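Working through the structure, step by step
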Amino acid sequence: MSDRDELLALIDELAVVRGRVVLSSGREADYYVDLRRVTLHHRAAPLVGRVMAELTADWDYSAVGGLTLGADPVATAMLHHSPRPLDAFVVRKAGKAHGLQRRIEGPDVAGRRVLAVEDTSTTGGSVLTAVDALREAGADPVGVAVIVDRGAGDAVRDAGYEYRAAFTSKDLQL
Ligand SMILES: O=P(O)(O)OC[C@H]1O[C@H](OP(=O)(O)OP(=O)(O)O)[C@H](O)[C@@H]1O
Ligand SMILES: O=C(O)c1cc(=O)[nH]c(=O)[nH]1
């Protein structure tokens, strides 16, 4: 079985929850894909790293990350399982007032080409928040990549960024 097929089967088995749910955006939906159950799973996490690295293999970037928390294990999986040397970063939902007061944690991203990732994207609001913070920090986001797309493509493209998803809701029969 290919990495992609194995990952899709694990997402279906571990992450899909059917039932009424309120989403991050405040919208309601009748299914949820809890990808943290996949990105933090011993067998699935390396597949996430390889599939997401392959999905973006033709994009030039040296660091990967996104808005905490969903993006964090995606970025670290890529750091560990990408064939290219990659740093990871974490974009905080809010800056912190003590310590070094950084909004973006990890090796400096200023002046670097970076990839913004998400576990799943519905409105694109979360990943575009990360992209805005990256720009503010002097980084150059080369695109957005997510494991499961729930419809954020137009919003991300309208904001001026390329958008790729390893899978869509349809791949999961949702
Ligand atoms: O495209 P959007 O409409 O922004 O929705 C997608 C976001 O929702 C989830 O995170 P959530 O806000 O639940 O927070 P968490 O990552 O801290 O769990 C998910 O991990 C994405 O970040
Ligand atoms: O839009 C969201 O908040 C959302 C949808 C989904 O399927 N999974 C998730 O973690 N968040």
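As a reminder, the structure under discussion sits directly above these lines.
This section reports on the structure supplied with the text.

Reading guide: rules and limits
Residues numbered from 1 in each chain as written. Chains lettered and ligands numbered in written order. Predicted model: local features only at pLDDT ≥ 70, side-chain atom pairs only at ≥ 80, totals over all residues. Helix = DSSP H or I, 4+ residues; strand = E, 2+ residues; numbered from the N terminus. Contact = placed C-beta atoms within 7 Å. Buried ≥ 20, exposed ≤ 12 C-beta atoms within 10 Å, placed from the backbone. Pairing = 2+ DSSP bridges. Near = placed C-beta within 6 Å. Nonpolar A, V, L, I, M, F, W, Y, C, P; charged D, E, K, R; others polar.

Take the overall build of the chain next. Looking only at helices and strands, the chain has six helices and eight strands in total. Helices and strands appear in the chain in the N-to-C order α-β-β-α-α-β-α-β-β-β-α-β-α-β. Residue pairs at least 24 apart in sequence account for 66% of intrachain contacts in the chain once pairs closer than 6 positions are excluded.

Counting buried residues along helix α4 (residues 71-81), eight of its 11 residues qualify, which places the element largely inside the surrounding structure. Ala71, Asp72, Pro73, Val74, Ala75, Thr76, Ala77 and Met78 are the residues of α4 that are buried.

On to the sheet that holds strand β7 (residues 140-149). In space, the six strands of this open sheet follow the order β5-β4-β3-β6-β7-β8, with mixed pairing throughout. Edge positions in the open sheet fall to β5 (104-105) and β8 (163-168), since each of these has one partner strand only. Of the pairings in the sheet, the one linking strand β4 (residues 87-91) to β5 comprises two bridges and is antiparallel in character. Its bridge partner being in β5, Val90 is matched across the sheet by Glu105.

Near ligand 1, the surroundings consist of 15 residues, among which Ser24, Leu69, Gly70, Thr123 and Ser126 are the closest. Looking at the shell around ligand 1, the element that brings in the most residues is strand β6 (residues 113-121), giving four residues. A per-class count over the shell around ligand 1 returns three nonpolar, 10 polar and two charged.

Shape descriptors only; they carry no functional weight alone.
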